[in-house]
Amino acid sequence: TARVPLAALLRRGSSKVGAASTCKEYLTCDIVETCLSSIDSSRSSDADALAPPLLKGKLKLVLARLTATTARGAAAGQRADYGNPSERRVASSRAAAGNNKVRLRAIAASSAVACSGSSTAAEEAALYQKQLRRQRHREWLRTHGAALGHDTSARAIAAAFGGSGKQAGNVSGSPPTKETGRSLELTADREATLAKARLQMAMRGLRAAELARAAGREERLRSLLAAAACSVRAIYPSYGSVEFVELPFRNPYTSEHCFTVEWEDPLFQLSIVTDINEWRALKARAGLSTPAEERLVLQGSRLWLMPQELVYIPLKFQAWQHGLVRPEASDAAAPATPRPLRDAAALPISRRTVHVSVRNVQRESVATLELQVRPQPYVLDQSFRFQQPERDFLKTTIRVQPSRWHASARLEPSSQPQLVGELEPAPETGTWPPPPPLPVAGLAPQSMWVRCSDPDVVCGVHQRPDAAAPLEVSLKYRCGASPAVGCFLVLVYADPYLHDLREIWEVTVHSLRRIDMHALVGQTSNATLLLPSHPKASHGLVQAFTSSPAELRVSPDVPFALSAGATAQELRLALRPTEPGRKQYVVHVVESRSHSLLASYLVAAVNRQPAVTKSFSLAVPAALGTNRKVSLANPYSYDMAFSLHTDAPQLLSFRMTTLPIPAGETRYIGLKFAPHAEGSPSAATLRVYVNNADDKNEECMEIEVLYTSTGAGDGEGGAPPV
C-alpha cells in the first residue's frame, strides 16, 4: 500500500493506439518510504520517531479508456444481442466494468529518465494486448467459476482448460493456458501480499525503535555520567545551628578552567564559606584535617583551577526559621513567590533536597552534590516573661549565670530505658530514674554574641568592667496595644561567627493597661479600677486575682457576675507595700467556669518610706533572741485602736498586733526579736509602723539591731526599755 501525493505526478498525456482506438493517460510518480501508512490500525511506539523520506523507486500508471470494441468483441456483442434480455444485461454490465482499468508497474531508478519519455507504438500495442487477454480471462472466471465448484486454484483451472490450448479455445474463445496462469496470480499472491505487508510493518517498527534508541542514547549516557558524578549528603539542622559540608572536586580537564558553583535556595540558608578564618573554625569544630586555601572562591561562587587540581568546596547551612518542626513532614517545594522576612522566619525549616552543581564555562554540569535537609526541633534552655504597659518600651537586662543546674548532664545513654514493644521496659543497664542533677559550669564563656528572631528587637551584650563581673544581655522591645502578647527567641553563641550555639531563650512580653499608684510603705493606699463588660462572661461568674496578694488586695475578692450588656464593674484596689521603690503588680480577671483570662491590668506603684518619728538601737543575742517593749501614747481626746506592722516579720513580731489605748494615756508595745538564723554576728534595721483605724500611718519607729554571739546586752543610747 502506498500513498501518492498529487504533487508527485510528473507527466500526463493521452494518445490513441491500435485498432481498438483506446484512449490512455500516462502518469509517472515517485515512491518514497514513510514511517506510517494507512495499513497501521492503531498508534504504536514508532509514531514519535521521525525519519527523512527515502526514495524507493518509481511507478508508471497507465489509465486506459476503451472507446471502441474490436471485431471479436463486436461479434460477441452481436451474439449476445440475439440471446435473452438477462444475458444482454450481464454482458453489458461486464463490458462496462472493464472500460476503466489501472495497471501499476515498478521501474528501476536507473531507467527513470527513460521511462519519463514517450513510449513506442510497439510497447503500447503489446501492453494493450496483455490488458485485453487479462480482461477476457477474468470474464471466463466469472462465467465458469460455478462449474469448478468454487475451486479457483491454479491446478483446478488448468484441469478445466484440459491442458490443451485448442480445446480451451473452443470454449467461448478462452485464452491460452499460459495467460490463464498469469491471471491466476492475483489469487495466489494475496497471501504473499499480506505477509509482505506484515513484514514491512515489523521492519518499520524495528527501524523506529532503533531510531528512538539512537535519539535517546546521548541523553541516557549523560544521565549515567551525572549519576556517577553525584554525591549525596544528609544534614540534620535545627534553628540557629550550623551544618558544615565539604565537597571534594577535581578539575577533570588537562588545562586551566573556570568553574561556577550554583544551587537554588530562595531563603539563602546555604552559602559558600569565603572567609579563611571562619573556614578554619568550622574545620576545627567538625574535626576535619583537609587543607584550607585562602581566596579559593572568587566573586562569591567561581573557582579557577589548574589541570587535575583537587580542592574542597566549603558549604555552610544555617537556618533562621523557628517554626514547629514535625518529624512526619514530607519534602516540600520551594515557595514560588518570596515571602517577607518576618513571615518566612515564623515557618519551620522545610524538609527538602538542595542540588549543588559545579558547571564549566559551557554551562555543563561536571559535579553534583545532593544535599538532603532533614530538620530537627530545637530545645529551649530558659523562658522569661515580662509585663509592660501598653505602647511602652521594655528595657531590661538578663544576667548569664556562670553555672546552672542542668539535668541532661547526668543522663547517660545506658541509663535510659529502651522499650520493647509498647509498654514493657527492657532490662536496664544503668540506673533509672537518673540521679539528681549536678551543677554544670562553663555555660557562660568569656565572651558572648547574641541574635534575636525578631528584627524589631534590639539585643546586645554589655561590656564587663572586669573579668570577674558576670555577663549581661540587654533587650529593648516596643510593646503594642493591650492585650497584645509578644514572643521572640534569643540565641546565645560563644563565637563571633555564630557557630557554637550555647543556649536558646524564649522571651514573652505582655502588653497591659497601666494603672499608676503612689503609696507609703506600711500603710494602705486605695485606687479604683473599672472593668468593662466582656462577651465571654455573659453566662458565668468572674473573679479578680493579683500577683502579690500580701501587698495588693482587690475587692470584691469573691466571684461576682459580669453581664455583657451592663455597665463597667468597679473594682477597688488596696495597696500596702512592704519595701520602698518602684514595683509593678498584675491584676487578672478570670472567668470562673472555663478559667479563661478576660482582662489584665498592670499596677505601677511608687512606694516611699514614711517619716521616722522614733529611732532605737540595741544588741540582741543571735542564738537566743530577746523581748523588749516600747511605749506608745494616744494624743487624741478619744480612744484609739492602733494596728502594728513591721517590714521584717521573720525577725520581729508583736505580742499584740492591735493595741487599744484610751484617750491621753500611754501603753507599751511588746516586741519579740527572733534568733538569727545564721548564728553569726550581723546587723539589721527594722521598722515598726503604727497605723490608725483607717490604716494610715501614725508613727514610724526605726530599730537598729546588732546580733551578737555573747549573752544578752544592754541597749546603748536610746535603747528601748525592758
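Residues numbered from 1 in each chain as written. Predicted model: local features only at pLDDT ≥ 70, side-chain atom pairs only at ≥ 80, totals over all residues. Heavy atoms only, no water.

1. Topic: the overall build of the chain
On a plain count of helices and strands, the chain comes out with ten helices and 38 strands. Accessible area of the chain: about 43100 Å², with a carbon and sulfur share of 54%. (Helix = DSSP H or I, 4+ residues; strand = E, 2+ residues; numbered from the N terminus. Areas by Shrake-Rupley, 256 points an atom, 1.4 Å probe, with all protein chains shown as cover.)

2. Focus on the packing of aromatic side chains
Enumeration over the complete set of coordinates arrives at six aromatic pairs. Seen in terms of ring centroids, Tyr-636 and Tyr-638 are 5.5 Å apart; in terms of plane orientation they differ by 25°. Their pairing is stacked. Overall, Tyr-638 belongs to the partly exposed group, its relative accessible area being 45%. Put simply, the rings of Phe-249, Tyr-253 and Phe-259 touch in pairs and so form one group of aromatic residues. The ring of Tyr-668 has Lys-629 lying over it, and the distance from NZ or CZ to the ring centre is 5.0 Å. (Phe/Tyr/Trp six-rings, centres within 6.5 Å; stacked < 30°, edge-to-face > 60°. Buried < 20%, exposed > 50% of the residue type's maximum accessible area, 1.4 Å probe, protein only. Lys NZ or Arg CZ within 6 Å of the ring centre and 35° of its normal.)

3. Concerning the environment of Leu-303
Tracing the backbone through its elements, the reader meets Leu-303 in strand S9 (residues 302–305). Given a relative accessible area of 1%, Leu-303 falls into the buried group. The spatial distance from the C-alpha of Leu-303 to the C-alpha of Thr-260 is 6.2 Å, given a sequence separation of 43 residues. Apart from residues no more than four positions distant in its own chain, Leu-303 is found in contact with His-257, Cys-258, Phe-259, Val-261, Leu-296, Val-297 and Ile-313. (Contact = heavy atoms within 4.5 Å.)

4. Points about unusual backbone geometry
A cis amide bond, omega 0°, links Ser-482 with the succeeding residue Pro-483. You can see Pro-483 is positioned in the loop between strand S21 (471–478) and strand S22 (485–493). With an omega dihedral of 5°, the bond running from Ser-555 to Pro-556 counts as a cis peptide bond. Of note, Pro-556 is situated in the loop between strand S26 (552–555) and strand S27 (560–561). You will see that Arg-391, though not glycine, has its phi angle at about 55°, which is positive. In this structure, Arg-391 sits in the loop between strand S13 (382–389) and strand S14 (393–400). A residue is classified by how much of its surface remains accessible, and Arg-391, at 60% relative accessible area, is exposed.

5. Points about the confidence of the model for the chain
The predicted model of the chain has a mean per-residue pLDDT of 75, with 65% of residues at 70 or higher. Contacts from residues 6–20, a stretch scored under 50 in pLDDT, to residues over four places away or in other chains number 35 contacts. Under a pLDDT of 50 for its full length, residues 407–430 has, in the predicted model, 20 contacts with residues more than four places off or in other chains. (pLDDT = per-residue confidence, 0-100.)

6. A look at the side chain of Thr-546
Looking at the element boundaries, Thr-546 is found in strand S25 (residues 541–546). Separated by 3.1 Å, the side chain of Thr-546 and the backbone oxygen of Leu-552 make a polar contact. In this structure, Thr-546 is in contact with Leu-552, Val-554, Val-586 and Val-587, ignoring residues within four places of it in sequence. (Polar contact = N/O pair within 3.5 Å; in protein donor to acceptor, adjacent residues only side chain to side chain.)

7. What about the nonpolar core?
One finds Phe-249, Leu-303, Ile-313 and Val-358 to be the most contacted residues of the largest nonpolar core, which totals 32 residues. Among the elements of the structure, strand S6 (242–250), strand S7 (257–262), strand S8 (270–272), helix H9 (276–286), S9, strand S10 (310–318), strand S11 (352–359) and strand S12 (365–373) are those that each provide at least two residues to this core. Counting 26 residues, the second-largest nonpolar core is a separate cluster that includes Leu-659, Ile-669, Leu-671 and Leu-686. (Core = buried A, V, L, I, M, F, W, Y, C linked by side-chain atoms within 4.5 Å.)

8. Details of the pairing of S22
Of all nine residues that make up S22, seven are buried, and the element is covered over most of its length. In the sheet, strand S19 (residues 449–452) pairs with S22 via four bridges, with the strands oriented antiparallel. Bridge pairing in S22 places Val-450 opposite Val-492. In terms of strand pairing, S22 meets strand S23 (residues 501–520) through nine bridges, oriented antiparallel. In the strand pairing of S23, Tyr-493 is matched with Leu-501. (Pairing = 2+ DSSP bridges.)

9. Observations concerning the environment of Gly-323
As for its position among the elements, Gly-323 is in the loop between S10 and helix H10 (341–345). Given a relative accessible area of 8%, Gly-323 falls into the buried group. Taking the C-alpha atoms as reference points, Gly-323 and Tyr-378, separated by 55 residues in sequence, lie 9.7 Å from one another. Once you skip the residues sitting within four places of it in the chain, Gly-323 turns out to touch Ala-345, Ala-346, Leu-347, Pro-348 and Tyr-378.

10. Observations concerning the sheet that holds strand S33 (residues 640–646)
An order of S31-S38-S37-S33-S35 is seen for the five strands of this open sheet, with the pairing classed as mixed. Each end of this open sheet is capped by a strand with a single partner; those strands are strand S31 (614–621) and strand S35 (658–661). Along the sheet, successive strands turn relative to each other by an average axial angle of 25°, direction set aside. Bridge analysis of S31 against strand S38 (residues 697–708) gives eight bridges, and the strand direction is parallel. Note on S38: the bridge partner recorded for Ala-619 is Leu-706. (Axes fitted to C-alpha atoms, helices over the stretch in contact; angles between N-to-C directions.)

11. Section: the sheet that holds strand S36 (residues 666–673)
Within a beta sheet, neighbouring strands are joined by backbone hydrogen bonds and run either parallel or antiparallel to one another. Overall, antiparallel pairing links the three strands, which are arranged S32-S36-S34 in an open sheet. One side of each edge strand has no neighbouring strand; the edge strands of this open sheet are strand S32 (626–633) and strand S34 (652–654). Direction aside, the axes of adjacent strands within the sheet are offset by 35° on average. Both S34 and S36 contribute to a ladder of three bridges, which runs antiparallel. Residue pairing across strands places Phe-654 opposite Leu-671, the latter belonging to S36.

12. Description of the pairing of S38
Buried residues dominate S38, accounting for nine of its twelve residues. Relative to S38, strand S37 (residues 682–691) runs antiparallel, the two sharing ten bridges. Its bridge partner being in S38, Ala-684 is matched across the sheet by Val-705. Connecting S37 to the next strand, S38, in antiparallel fashion are five residues, including Asp-695 with a positive phi near 60°.

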